[in-house]
Amino acid sequence: GLGDNGEDNSSFTPKLVDKLLSTHVPRSVLNHVIAEDKSVVQALHNLDIDQQDHKYLVDILDPDNSGSISVLELVDGLKRLRGNSRRSDVIMVDLMIRSLQERIETVLRCLENGGNSSSSSSEQALTSI
């Protein structure tokens, strides 16, 4: 198809798409762009990303704390940040955290009882997680 400038933009080859998806942006670069580039701030506004989230955006978009943000992390994170949070969003996160806490407690109990119980019962408890 033709883009806004009249150029044919249908030349997205698999190789180009792979290169784009494997691109990572350092956190420092993204921080600088968000702070200095008015068009980026406007794009975030157009995407309905709360302005108060802008200063935490790099932390939000780099959940594994790798120091860089992939294109997929960027797209996924921005998609999740759009609009207002709903009560169901908060409850869902709370339930996920509770589930993780229960799993961690089970692992800790298995580790603490490692010498006191048979290895097969510990293995069964861990595999049920």
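Before reading further, recall that the structure is shown in the block above.
Residues numbered from 1 in each chain as written. Predicted model: local features only at pLDDT ≥ 70, side-chain atom pairs only at ≥ 80, totals over all residues. Heavy atoms only, no water.

**Thoughts on the pattern of salt bridges**
Point 1. Under the definition given, this model contains five salt bridges.
Point 2. With a closest N to O distance of 2.3 Å, Arg-27 and Asp-59 form a salt bridge. Pair noted here: Arg-27 is in helix α2 (residues 27-36) and Asp-59 is in helix α4 (residues 57-61), with a separation of 32 residues, a long-range link.
Point 3. Assessed through its relative accessible area of 46%, Asp-59 is described here as partly exposed.
Point 4. Here Arg-98 makes a salt bridge to Asp-94, at a shortest N to O gap of 3.1 Å. You can see Arg-98 and its partner Asp-94 sitting in helix α6 (residues 87-112), four residues apart, about one turn around the helix. (Salt bridge = Lys/Arg side-chain N within 4 Å of Asp/Glu carboxyl O. Helix = DSSP H or I, 4+ residues; strand = E, 2+ residues; numbered from the N terminus. Buried < 20%, exposed > 50% of the residue type's maximum accessible area, 1.4 Å probe, protein only.)

**Section: the nonpolar core**
Point 1. Grouped together as the largest cluster of nonpolar side chains are 10 residues: Leu-30, Ile-34, Leu-44, Ile-49, Leu-57, Val-58, Leu-61, Ile-69, Leu-78 and Leu-81.
Point 2. Residue assignment for this core shows that the elements contributing at least two residues are α2, α4 and α5 (71-81).
Point 3. When residues no more than four places from it in sequence are discounted, the contact partners of Leu-61 are Leu-30, Ile-69, Glu-73, Leu-74, Gly-77 and Leu-78. (Core = buried A, V, L, I, M, F, W, Y, C linked by side-chain atoms within 4.5 Å. Contact = heavy atoms within 4.5 Å.)

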